[in-house]
Every structure is written in structure tokens, then in C-alpha cells.
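Observations on the model geometry
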Amino acid sequence: MAAAAGDGGSVPPKSPTAEAPPASQPRLTPNTMPWERCVAGVQSALKDPLARFLREQIEKAGCTVWPTLIRAAICTASGGYTSGKGIEVCCNHMRKQDEITQVIIHELVHAYDDCVVKNINWNNCAHHACSEIRANHLSGNCHYKRELMKGFLKIKGHEPECVKRRALLSVQNNPSCRGKAAKEAVENVWDTCYNDPRPFDKAP
Ligand SMILES: [Zn+2]
């Protein structure tokens, strides 16, 4: 299989895709962590309870995660997942531990979908959109404190709005889903995928 998903995105085969960079950030992220701290941060993130739970569920489903799946890298988004290759955390964009942990949880949701969803095709915009919606929702990428710090907070209904915005950005990075295709895919699968919390009982 070949596919990748970025920190908000999944990608097509053989071109490790990157998640869309946060809309609020320029391509060059200021105040990034030193490389060694980011590498250590990846290790700490693996101890996060949500990351551990996702790992267990992926392994239960018969796929492997640690230790080769997750690595620190220099890349163009915040992170990415490539089917058969694993997860990259773009350390050149990481400013703090919480961001690393978020990226890893987000990408683990893609890895889970890649393992569990039958015949998932990352070049299929609906498949990619569904996994992005789930990854952004279940990873807490849009929990209000984080959004507040990024200046995106609008109290009511902001979480779904944020999930949709981020999912769209990542799907738009998929060369198979340019233009209207990304938006249509996100809208078409929204209800089903936003309300699918697997492997959690409900969104953490
Ligand atoms: Zn993603």
C-alpha cells in the first residue's frame, strides 16, 4: 500500500505527504525547538496515554507501530503519515512538546485507519477526507486552548468548524483531490466520519 497523510493530511503513495501547515503559520516556523529536543520529544510523546492507546489498538488489529514507524524529520508540514513507511514529525516546525504529541496522535489515527479500514485508498478523496476528519477530531487538534493560542477561537461550534478547516487543508494537499474535489469529499463524508470515534468509545 502506499499513502501518506500529513499533520492533517494523508498522502498518496510514494510521495510522503505532509499535512497542511497550520493556516495561521508561515512556512518557516519561528522559535522551533533544537533538533535534539525534538527527537527526545518524540520519545516522550510515545508515552502519552492517547498515543499508547492508539498503538495498542493498532497492534491488536495486526499492524506494527513501534519503534520504526515514528521518526523525527525535516519536512514541509507539521508531520505526515505514509502507508508502509510510517510517521514523520517535522522537527523544523515544532516549537513545543504539546505540538509533537498532537502530531503523533493525529498521525496514529491515520495509521489506525490504514490498518483497520478495508481497502483504504489514500488517492480516494472521500477516504482521505474521512481519515483527516477523524484525525483532527480525535487528536484534540481543535481543543479550545490550542485554538485560542492560535487566535482562531470562536466559542460556539468552533471545534467542528476547526476540524473541517484543518481536514480540508490536508485533503487539498493530496494531488488527487485538487480544487473542488477536496471540499466535496469533506462535506460528503462529514457526518459519518465526524461521528466515528473508533478506536475510542467517544472523542477524547
Ligand atoms: Zn492528517
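In this text, all values refer to a predicted model and were calculated from it rather than measured experimentally. Positions within a chain are numbered from 1, following the residues in the order the chain's sequence is written. For a predicted model such as this one, the threshold for reporting local features is a pLDDT of at least 70, and the threshold for listing and counting side-chain atom pairs is 80 or more; totals across whole chains, interfaces and linings nevertheless cover every residue.

Focus: the overall build of the protein
Secondary structure elements are defined from DSSP: runs of H or I of at least 4 residues count as helices, runs of E of at least 2 residues count as strands, and each element is numbered from the N terminus. Looking only at helices and strands, the protein features seven helices and five strands. Listing every helix and strand of the protein by position from the N terminus yields β-β-α-α-β-β-β-α-α-α-α-α. Here a residue counts as buried when 20 or more other C-beta atoms fall within 10 Å of its C-beta, as exposed when 12 or fewer do, and as partly exposed in between; the C-beta atoms come from the backbone. Burial analysis of the protein (204 residues in total) assigns 47% to the buried set. Sequence-distant contacts in the protein: of pairs separated by 6 or more residues, those separated by 24 or more amount to 68%. A pair of residues counts as a contact when their C-beta atoms, built from backbone coordinates, are separated by no more than 7 Å.

Comments concerning the confidence of the model for the protein
Confidence scores here are pLDDT values: one per residue, from the predictor, ranging 0 to 100. For the protein, the average pLDDT comes to 83, and 78% of its residues sit at 70 or higher. Every residue in residues 1–18 is under pLDDT 50, and counting partners more than four places away or in other chains gives 109 contacts. In this model, residues 21–26 is a region of pLDDT below 50 whose contacts with residues beyond four sequence positions or in other chains number 10 contacts.

Remarks on the packing of helix α4 (residues 125–138) against helix α6 (residues 158–172)
Axis definition: a line fit to C-alpha positions, over the contact stretch in the case of helices; interaxial angles, taken between N-to-C directions, run 0 to 180 degrees. Packing of α4 against α6 brings their axes to within 9 Å, and their N-to-C directions diverge by 135°. Our classification of the angle between α4 and α6 gives oblique. Judged by the sense of rotation from one axis to the other, the crossing of α4 with α6 is right-handed. Counting all contacts with α4, which are made through Cys125, His128, Ala129, Glu132, Ile133, Asn136 and His137, the residues of α6 involved are Val163, Arg166, Ala167, Ser170 and Val171. Broken down by class, the residue content of the contact of α4 with α6 amounts to six nonpolar, four polar and two charged. The labels follow the angle: roughly parallel below 35 degrees, roughly antiparallel above 145, roughly perpendicular from 65 to 115, and oblique for the rest. Throughout, a crossing is termed right-handed when the near helix is turned clockwise from the far one, and left-handed when it is turned anticlockwise from it by less than a right angle. By the convention adopted, Pro, Cys, Tyr, Trp, Phe, Met, Ile, Leu, Val and Ala count as nonpolar, Lys, Arg, Asp and Glu as charged, and the other residues, Gly among them, as polar.

Regarding unusual backbone geometry
Most peptide bonds take the trans form, and the phi angle of most residues other than glycine is negative. The residue after arginine 198, namely proline 199, is reached through a cis peptide bond having omega 0°. Mapped onto the fold, proline 199 is located in the segment after α7 (180–194).

Examining the nonpolar core
If you look at the biggest cluster of nonpolar residues, it comprises 28 residues, and the most contacted ones within it are Val89, Ile100, Ile104 and Leu108. Looking at this core, the elements that each hand over two or more residues are α1 (35–45), α2 (49–60), β3 (70–73), β5 (86–90), α3 (97–116) and α4. Top element by residues in this core is α3. It accounts for eight residues. Leave out the neighbours within four places in its chain, and isoleucine 100 touches Cys38, Gly41, Val42, Ala45, Val89 and Met94. Residues of type Ala, Val, Leu, Ile, Met, Phe, Trp, Tyr and Cys that are buried and joined through C-beta atoms within 7 Å form what is called a nonpolar core. Listed in part, the 18 residues of the second largest apolar core include Ala129, Cys142, Val163 and Ala185.

Section: α3
Taking 1.5 Å as the rise per residue, α3 with 20 residues should run 28 Å; its terminal C-alpha atoms sit 28 Å apart, in good agreement. Taking burial as the measure, the 20 residues of α3 include 16 buried ones, the bulk of the element. Multiply 1.5 Å by the residue count of a helix minus one, and that product is the helix's expected span.

Here's the deal with the environment of threonine 82
Here threonine 82 lies in strand β4 (residues 79–82). Each C-alpha atom of the pair threonine 82 and leucine 69 lies 9.6 Å from the other, and the pair is 13 residues apart in sequence.

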